[in-house]
Amino acid sequence: MNDASKFRYIQRRVFEVDPDDLLREIERIRDPYFRSLSLVSIASSKRFGTKRSMELLSSSFNEANKVDQEWRRAELISLIMKRLKKADRDIQLSGEKSCIVMIEEMKPGSGLSQAIKGLIDHSNSESWPFLIERAFQNKGFEKTDVRNILKAMKRSENWQVGHDLILKRLGSVEDTEMRVALYGALHLRSRKRKGTGTKPLELALDSMKEQEGHNASRSFSFLCSNCIDIDDLPVLESGMEWFKKPEDRIKAICDLVTASDKAGNRDMAREYVKMAIEGTENLSTDILKASSTSLIASGVSRLGDADHARTLFDTALGLSGNEEMLKKRIEAQMENCGSNREKKKKEGSILPISGKRTRHILALYDTYEGGLKPVHSRTVARAAPLCAAFDLDLALMGFPSDDLDRIIELVSKETNIGKGGAYLNSLHKEGRVYLVKCTGSDPPGDWSGLGLPVATTSKPARSRSIMMKDSKKLSSKEHPLKRVCLIMGLGRKGLPRSLLDKVPYHLEITGSGVPLETATAMGILAYMLGNEE
């Protein structure tokens, strides 16, 4: 039996076997990593008194310090703290202090970064000042470490304490780009905690005074991309004063279009679009006008106005003259927005359509940017056995590929979920997997080959809200195939607003408006669609 197996044996039997016998088993483990984990498992089991448990915990950290690789020691910190969650409070605090000693002695690098994350997830607010300082000292990993700390603190009742600590520490950060980025991250976490005030955002914009040109533009784009509250828009707009060149100003206005859209104020976003278009008159060359107009077109596309976006893209191409590199860049932007005039729009094109046409459809609507990613493979692999189990067809909507066979192949190669793609291959052979061409800004217009479109969302429009059983009854009356096409968003963004505005019905499954993780929602939806009458 190897050391890992011996540890697992001790962990399984910690409440069944005499603890002194288990301690003798630990003496047979050679690797200090597994000796440490075994000792902490017994120390946290409450089978000994506090004094003896403290001794075992101390021995556990003695063994942890014998581990040569720093990344393994960092991993131990997280594992030890997880095992101490059920221990007495005094044991937990003692373990936390020992972890701090380990982290204090670590050199800057990925190991320290991993250790900070491992402890912050399980620490109390008294340890935060130390961890925050170590994070800022960890050269090359400062952004990652501070963001991990913010993420962990967001779940704590003492969030405001941590917020104030980081806000104060950021004032002494010399790297302006980092300071702006972390002010922005702090503001975003505060907003997600329903916190009020815009102090971090104001300080981030103030720090932009020290930046010039591309760096300032990039920082402003970042701050706008993190805007989720309407009250942030006036503050962001005040940052426009730093952009003197007309082309930089238009870029900043386009970022405000994104910010307004994210904050849910599309009327404001459209006003910014008008402002940006008017600003192109101040540009000195057609090349600058072409580049800026293409940028505006991308923003218009995000707002769901495909025709206007296409017109602007055509204008940009006309202004680009003989600049082939610029033309290619504009055409790439058109392609990303689904506005490529060289490709005939395939509205509602589906491959293939066969099999039992009365099956309801579980549709995955892709909202990720770029090409096929592992997340696509994992989600499709999870969906396939659900469709097989509940007699559903599967539609892949807006996926970044025209080749269904390639998607099937990638799922089979990249994941073991769903028997390594066996369920997906079976559905595909039966003609029960559909590939639907669309984009976030240009959803399908023809649902006749699919089913009655019902969008899943945690925030359904009251006038469109529907129950699952009612959607089935309506599909038998309103759709030629008498089936439901139930659409769920793939990714954190959920379904695009352009789709939610167009489909006739919205479905919310929790009854309380609580957004669910993709895999969880998928299982519930497949069961309801396949079983509920």
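Keep in mind that this is a model prediction, so the values were computed, not measured.

How do you make sense of the overall build of the chain when you look at a structure like this?
A count of helices and strands for the chain gives 25 helices and seven strands. Here the chain holds 533 residues, and 50% of them are scored as buried. Looking at the chain alone, contacts between residues at least 24 apart form 72% of all its contacts between residues at least 6 apart. Entry remark: accessible area of the chain is about 26,100 Å², with carbon and sulfur atoms responsible for 48%. Computed over 85 positive and 74 negative side-chain charges, the inter-centroid distance for the chain is 4 Å.

What's the story with the packing of helix α1 (residues 3-12) against helix α3 (residues 32-43) in this structure? I'm lost.
The geometry of a pair of packed helices is captured by two quantities: the angle between their axes and the separation between those axes. One way to put it is that α1 packs onto α3 with a least axis distance of 9 Å and a crossing angle of 0°. In terms of axis orientation, α1 runs roughly parallel to α3. Contact residues: D3, A4, F7, I10 and Q11 in α1; F34, L37, S38, S41 and I42 in α3.

Help me out: how do you make sense of the environment of M240 in this one?
Looking at the element boundaries, M240 is found in the loop between α14 (232-238) and α15 (246-262). Put simply, M240 and G494 are 254 residues apart on the chain and 30 Å apart in space, counted from C-alpha to C-alpha. Every residue in contact with M240, bar those within four places of it in the chain, is listed here: R249, A252, I253 and L256.

How should the pattern of salt bridges be read in this particular structure?
When their charged atoms lie close together, side chains carrying opposite charge are able to pair. In this structure the tally under the stated criterion is 31 salt bridges. Measuring nitrogen to oxygen at the nearest pair gives 3.3 Å for the salt bridge that ties R310 to D307. Remark: D307 and R310 occur in helix α18 (residues 306-319); sequence separation between them is three residues, near one turn of the helix. The class for D307 is exposed, based on a relative accessible area of 56%.

Before we go on, may I ask you to explain unusual backbone geometry in this structure?
If a residue is not glycine, its phi is most likely negative; likewise, a peptide bond is most likely trans. In this structure, K46 takes a positive phi of about 65° despite not being glycine. By the element assignment, K46 lies in the loop between α3 and α4 (50-64). Unusually for a residue other than glycine, K482 sits at a positive phi of about 55°. As for its position among the elements, K482 is in the loop between α23 (468-478) and β6 (484-490).

It is not clear to me how the pairing of strand β3 (residues 393-397) should be interpreted in this structure. Could you clarify?
Within a regular strand, side chains alternate between the sheet's two faces. Most of β3 sits out of view: five of its five residues are buried. Of the strand pairs in this sheet, strand β2 (residues 361-366) and β3 are connected by five bridges, and their pairing is parallel. When the sheet's bridge partners are listed, I361 is paired in β3 with D393. Note that the unit made of β2, helix α20 (residues 374-389) and β3 has a crossover that is right-handed. Both β3 and strand β4 (residues 433-436) contribute to a ladder of four bridges, which runs parallel. Within β4, the residue paired with A395 across the bridge is Y434.

I keep staring at α3 and nothing clicks. Help me out?
In an α-helix, one turn spans 3.6 residues; hence positions three or four apart end up facing the same way. Taking 1.5 Å per residue as the helical rise, α3 with its 12 residues ought to reach 16 Å, and the 16 Å between its terminal C-alpha atoms agrees with that figure. With 12 of its 12 residues buried, α3 lies for the most part within the structure. Buried within α3 we find P32, Y33, F34, R35, S36, L37, S38, L39, V40, S41, I42 and A43. Its buried side turned inward, α3 meets α1, α2 (19-26), α4 and α5 (70-83). The backbone nitrogen of Y33 lies 2.9 Å from a side-chain oxygen of the residue at the head of α3, namely D31.

Help me understand the environment of I29 in this model?
By the secondary structure assignment, I29 is in the loop between α2 and α3. Note on I29: relative accessible area 2%, which makes it buried. For the pair I29 and M1, spaced 28 residues apart in sequence, the C-alpha separation works out to 9.9 Å. Beyond its immediate sequence surroundings of up to four residues, I29 is in contact with D3, K6, F7, I10, F34, R35 and S38.

Is there a simple way to think about the packing of aromatic side chains in this case?
One pair of aromatic rings is described through two measures. These are the centre distance and the angle between the planes. For the structure shown, the criterion picks out four aromatic pairs. Centroid distance F220 to F243: 5.4 Å. Interplanar angle 65°. Geometry classified as edge-to-face. One end of the pair, F220, is in helix α13 (residues 213-225); the other, F243, is in the loop between α14 and α15, with 23 residues separating them in the sequence. Here F220 matches F243 in class, with each residue buried. Among the aromatic residues, those joined into a ring-pair cluster are F7, Y33 and F34.

Which parts of the structure should I look at to understand the confidence of the model for the chain?
Should the pLDDT be low somewhere, the predicted coordinates at that spot are not to be read in detail. Of all residues in the chain, 95% attain a pLDDT of 70 or more, and the chain-wide mean is 87. Below pLDDT 50 for its whole length, residues 341-356 participates in 38 contacts with residues either more than four positions away or in separate chains.

So what exactly am I meant to see when it comes to the side chain of T176 here?
Its location among the elements puts T176 in helix α11 (residues 176-192). Judged by its relative accessible area of 13%, T176 falls in the buried class. Beyond its immediate chain neighbours, meaning those up to four positions away, T176 contacts S207, E210 and Q211.

Explain the packing of helix α7 (residues 110-120) against helix α8 (residues 128-137) here, please?
Where α7 meets α8, the closest approach of the two axes is 10 Å, and the angle between their N-to-C directions is 155°. Here α7 lies roughly antiparallel to α8, going by the angle between them. In this structure, the crossing between α7 and α8 has a hand that is left-handed. Together, L112, I116, L119 and I120 of α7 and W128, L131, R134 and A135 of α8 make up the contact between the two elements. Of the residues that constitute the contact of α7 with α8, the class distribution is seven nonpolar, no polar and one charged.

Would you mind showing me how to read the nonpolar core here?
General note: in soluble globular proteins, nonpolar side chains tend to be found buried as a group. In terms of nonpolar packing, the biggest core is built from 102 residues, with I42, I149 and I166 touching the most fellow members. Those residues in contact with I149 that lie beyond four places of it in its chain are I116, I120, L131, I132, A135 and I166. Residues C387, L452, V484 and Y505 belong to the second largest nonpolar core, which totals 36 residues.

Calculation notes
- Residues numbered from 1 in each chain as written.
- Predicted model: local features only at pLDDT ≥ 70, side-chain atom pairs only at ≥ 80, totals over all residues.
- Heavy atoms only, no water.
- Helix = DSSP H or I, 4+ residues; strand = E, 2+ residues; numbered from the N terminus.
- Buried < 20%, exposed > 50% of the residue type's maximum accessible area, 1.4 Å probe, protein only.
- Contact = heavy atoms within 4.5 Å.
- Areas by Shrake-Rupley, 256 points an atom, 1.4 Å probe, with all protein chains shown as cover.
- Lys, Arg positive; Asp, Glu negative; His and termini not counted.
- Charge placed at Lys NZ, Arg CZ, Asp CG, Glu CD.
- Axes fitted to C-alpha atoms, helices over the stretch in contact; angles between N-to-C directions.
- Parallel < 35°, antiparallel > 145°, perpendicular 65-115°, else oblique.
- Salt bridge = Lys/Arg side-chain N within 4 Å of Asp/Glu carboxyl O.
- Pairing = 2+ DSSP bridges.
- Right-handed = clockwise from strand over helix to strand, strands pointing away.
- Expected span 1.5 Å × (residues − 1).
- Polar contact = N/O pair within 3.5 Å; in protein donor to acceptor, adjacent residues only side chain to side chain.
- Phe/Tyr/Trp six-rings, centres within 6.5 Å; stacked < 30°, edge-to-face > 60°.
- pLDDT = per-residue confidence, 0-100.
- Left-handed = near helix turned anticlockwise from the far one by under 90°.
- Nonpolar A, V, L, I, M, F, W, Y, C, P; charged D, E, K, R; others polar.
- Core = buried A, V, L, I, M, F, W, Y, C linked by side-chain atoms within 4.5 Å.

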